[in-house]
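Spelled out from the first residue to the last, the chains are:
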Amino acid sequence: MKPSNIIDLNDRKAVEDFVNRFDYIICDCDGVLWIDKDVIPGAPQTLNKLRSLGKKIIFATNNSTKTREEFLNKLKTFGFVANLKELFPSSYTTAIYLQMIKFSGKVYILGSSGIAKELAKVHIESFGVGPDETPSNWSPGMADFDLDPNVKAVAVGFDNQLSFPKLAKACSYVKNPKCLFIATNRDETYPSSKPEVVVPGPGALVSAIETVTGRESISLGKPGTFFFDCIRYIHPEIDPKRTVMIGDRLTTDMVFGHNNGLKTFHVQTGIGTFEEMIDFARSDKSEDQLCVPEYYAKSLAQILPFL
Ligand SMILES: [Mg+2]
């Protein structure tokens, strides 16, 4: 049995009431619209229908592996209507943050090309993406690499070419208290097409650097409030009270919604399950209550027949 205050969007009345409560949708991508290279059935039709009803859509993803243009291409390939101004990957919010603080210096990236390309668009130099030239059998006795004195920030994202030397370099830069330490996001895992395969997310790398250096990162992804500040910077007219956050991850998307005064809708096509939602709802801990959505559905497609 689910707690009665969480509404299953499985009939016309519930969906109509829901849709009348918001003008803006902030929609997560991985696990809601697609899983890796596979679109989630019915997601494009549902979002496009909501758009045709006058709802404004923001695509907000902690994923920092791509640029806005690359995400736009992916959305269009899958049949979503979208435009560049609606896209907020954490690669882009990192660039906005550094611009807002008038950052000057180079950025060492433990992450993917999306961050480097978004930084380049705002004229911030960076390096570190891709394989490191230091031998992979590098050991503490070979602590012979030079640090670039112009590096004033380290940005951490999803890095599938992580190596021990790259981690050592990131930690060495962050050890300097004058170097900014930025987590594009702290997701523990990425959605996997095989449930038994666990894909570590940037949170694993951020925690490793925090453990080594004793410093805490500045987190620019969901569930932090900075991500919403970024959206508001580009869309100042957005009203949190008339906005719904749609996401699959209870510990980031739903918390992000609550932290920013948004309505919350959990779709169970990605990381967070119905059972986890119920466990959070039954918990007495206030931090667990932040993970509980107001609405849920098995998928975005579930609400389509009622729109
Ligand atoms: Mg997700």
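Quick notes on the rules
- Residues numbered from 1 in each chain as written.
- Predicted model: local features only at pLDDT ≥ 70, side-chain atom pairs only at ≥ 80, totals over all residues.
- Heavy atoms only, no water.
- UniProt positions renumbered as here; feature names shortened; annotations may be inferred.
- Pairing = 2+ DSSP bridges.
- Helix = DSSP H or I, 4+ residues; strand = E, 2+ residues; numbered from the N terminus.
- Buried < 20%, exposed > 50% of the residue type's maximum accessible area, 1.4 Å probe, protein only.
- Polar contact = N/O pair within 3.5 Å; in protein donor to acceptor, adjacent residues only side chain to side chain.
- Contact = heavy atoms within 4.5 Å.
- Arc of directions from axis to C-beta.

As annotated in an unreviewed UniProt entry, the chain is Phosphoglycolate phosphatase-like protein from Dinothrombium tinctorium. What UniProt states about the chain under its Sequence similarities (unreviewed entry) heading is, verbatim, "Belongs to the HAD-like hydrolase superfamily."

Here we have seven strands laid out as an open sheet, ordered 1-16-15-14-2-5-6, and parallel in their pairing. In this open sheet, the two edge strands, each paired with only one partner strand, are strand 1 (7-8) and strand 6 (87-89). In this structure, strand 2 (residues 24-27) lies alongside strand 5 (residues 56-61), joined through four bridges in parallel fashion. Bridged to I26 within strand 5 is I58.

Glancing now at the side chain of T243. Position of T243 relative to the elements: it lies in strand 14 (residues 243-247). Assessed through its relative accessible area of 0%, T243 is described here as buried. Within polar-contact distance, the side chain of T243 engages the backbone oxygen of D239 at 2.7 Å. Apart from residues lying up to four places away in sequence, T243 is in contact with F22, Y24, I26, I238, L262 and K263.

This part covers helix 10 (residues 274-282). Restricting attention to buried positions, one finds in helix 10 the residues M277, I278, F280 and A281. The arc enclosing the buried residues of helix 10, seen along the axis, measures out at 160°, which places them on a common side. Away from its buried face by more than 90 degrees, helix 10 exposes E275, D279 and R282. Those residues of helix 10 that are buried are in contact with helix 9 (250-259), strand 15 (263-267), helix 11 (286-289) and strand 16 (295-297).

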